[in-house]
Amino acid sequence: MISLLHLDSGVDHADGSVSRRLTSMFAEAWRRGHGAAAGYRYRDLVADPVPPLGAPYVDLGRRVEKRGMVPLDEVAALAADEAERRDWALTLPLVEELRAADTVLIGAPMYNFSVPAALKAWIDRITFPGAYVDPDTETSVLRDTEVVVVTARGGAYGPDTPRHGCDFQEPYLRAYFREHLGVPEDNLRFVHAEMTMAEHLPQLARFQDFAARSLADARAEVAALASRDGRPVGAPNR
């Protein structure tokens, strides 16, 4: 069964959040294209935040790491106490959700040049030692997973803009999914809506046309990705 894992991390309400509106548009198109048989999982990382890491997570992770590749169903047996068992019980469902998804859709507004704390908390918790390594091939179990990141930026950070070098959002997420989780570069997609604050801040008012074009382009790209080449993202290509 084809599945989509949809994550939102913007603190704005849905009506005021550009990233949430765009991910909702993608998810609706994706579900229409796949029908009722498709698997869809939504997680609002703000309304239902992922707990930050603590010592039990770190202690269990280090113990697992020292043993090499430990199957997920054997990790609980390595927990030293109830605190570690509770922490693993919080972690395992998130890891399994990610592993099961054919497509991961992430709404990520830019906060202070990077990603929201809610998204970072999810990233920290799912990054458990060996959780994405195939023990038979020693390759990533996410090698066929597609990741679509939809961002909203109050300013402009694209190539040839003055703040291009201040974009620590896309480079971070691209490096994380590619280098750490083993998602191939060709399976990473980024859609940016820029200058989203132009309609709200007088000092940015002259960029409203730019913002409108950027949002229109983002909408078109989201629509194309949700049904790329007539084949919805996440359809079998293996």
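Residues numbered from 1 in each chain as written. Predicted model: local features only at pLDDT ≥ 70, side-chain atom pairs only at ≥ 80, totals over all residues. Heavy atoms only, no water.

Caption draft 1: Summary view of the overall build of the protein chain. Scanning the protein chain from N- to C-terminus turns up seven helices and five strands. For 238 residues, the compact-globule estimate of 2.2 N^0.38 gives 18 Å, and the C-alpha radius of gyration of the protein chain, at 19 Å, lies within 12% of that figure. Structurally, the protein chain occupies a C-alpha span of about 60 × 40 × 30 Å along its principal axes. Here the protein chain, with 238 residues, has 47% of them falling under the buried criterion. Contacts in the protein chain between residues at least 24 apart in sequence constitute 75% of all its contacts with a sequence separation of at least 6. Entry remark: accessible area of the protein chain is about 12,000 Å², with carbon and sulfur atoms responsible for 53%. Considering the protein chain, the positive charge centre built from 27 side chains and the negative charge centre built from 35 side chains are found 1 Å apart. (Helix = DSSP H or I, 4+ residues; strand = E, 2+ residues; numbered from the N terminus. Rg over C-alpha atoms; globule rule 2.2 N^0.38 Å. Buried < 20%, exposed > 50% of the residue type's maximum accessible area, 1.4 Å probe, protein only. Contact = heavy atoms within 4.5 Å. Areas by Shrake-Rupley, 256 points an atom, 1.4 Å probe, with all protein chains shown as cover. Lys, Arg positive; Asp, Glu negative; His and termini not counted. Charge placed at Lys NZ, Arg CZ, Asp CG, Glu CD.)

Caption draft 2: Representation of helix α5 (residues 117-126) within the structure. Across the 10 residues of α5, seven count as buried, placing the element largely inside the fold. For α5, every residue scored as buried is listed here: Ala118, Leu119, Ala121, Trp122, Ile123, Arg125 and Ile126. On its buried side, α5 packs onto β1 (3-8), α2 (55-66), α4 (82-100), β3 (103-109) and α6 (170-180).

Caption draft 3: How the structure looks around the nonpolar core. Core analysis: the biggest nonpolar cluster contains 41 residues, and Ile106, Leu119, Trp122 and Phe177 have the highest contact counts within it. Top contributing element to this core by residue count: α5, with six residues. In contact with Leu119, not counting residues within four places along its chain, are Ser9, Leu45, Ile106, Ala108 and Leu173. Judged by nonpolar contacts, the second largest core, of 18 residues, contains Leu105, Val191, Val222 and Ala226. (Core = buried A, V, L, I, M, F, W, Y, C linked by side-chain atoms within 4.5 Å.)

Caption draft 4: Region of the structure containing the side chain of Glu84. Along the chain, the position of Glu84 falls in helix α4. Taking the relative accessible area as the measure of exposure, Glu84 reaches 4% and is therefore buried. Excluding anything up to four places from it in sequence, Glu84 contacts Pro56, Asp59, Leu60, Arg63, Leu78 and Ala79.

Caption draft 5: Quick peek at the packing of aromatic side chains. Tallied over the entire structure, the rule returns five aromatic pairs. Plain terms: the ring middles of Tyr57 and Phe128 are 5.6 Å apart, the flat faces sit at 90° to each other, and that makes the pair edge-to-face. In this pair, Tyr57 is assigned in helix α2 and Phe128 in the loop between α5 and β4 (146-152), connecting sequence segments 71 residues apart. Each of the two residues, Tyr57 as well as Phe128, counts as buried. Among the aromatic residues, those joined into a cluster by ring pairs are Tyr57, Trp88 and Phe128. (Phe/Tyr/Trp six-rings, centres within 6.5 Å; stacked < 30°, edge-to-face > 60°.)

Caption draft 6: Layout of the sheet that holds β4. Spatial ordering of the open sheet is given by β2-β1-β3-β4-β5, a layout of five strands whose pairing is parallel. Strands with a single pairing partner mark the edges of an open sheet, and in this sheet they are β2 (39-44) and β5 (188-193). The mean angle between the axes of side-by-side strands here comes to 15°, regardless of whether they run parallel or antiparallel. Strand direction decides the pairing type here: β1 and β3, joined by five bridges, are parallel. Within β3, the residue paired with Asp8 across the bridge is Gly107. Where helix α7 (residues 208-226) meets the sheet, it contacts β4 and β5, and its direction lies at approximately 150° from that of β5. (Pairing = 2+ DSSP bridges. Axes fitted to C-alpha atoms, helices over the stretch in contact; angles between N-to-C directions.)

Caption draft 7: Here's a closer look at the side chain of Thr145. Turning to its location among the elements, Thr145 is positioned in the loop between α5 and β4. Look at Thr145 and you get buried, because its relative accessible area is 3%.

Caption draft 8: Structural context of the environment of Gly35. Structurally, the position occupied by Gly35 is in the loop between α1 (18-34) and β2. Along the primary structure Gly35 and Leu105 are separated by 70 residues, whereas in three dimensions their C-alpha atoms are 18 Å apart.

Caption draft 9: Summary view of the packing of α2 against α4. Between α2 and α4, the shortest axis-to-axis distance is 8 Å and the interhelical angle comes to 85°. Judged by the angle between their axes, α2 and α4 are roughly perpendicular. Counting all contacts with α2, which are made through Pro56, Tyr57, Asp59, Leu60 and Arg63, the residues of α4 involved are Ala83, Glu84, Asp87, Trp88 and Thr91. In terms of residue class, the contact of α2 with α4 is made up of five nonpolar, one polar and four charged. (Parallel < 35°, antiparallel > 145°, perpendicular 65-115°, else oblique. Nonpolar A, V, L, I, M, F, W, Y, C, P; charged D, E, K, R; others polar.)

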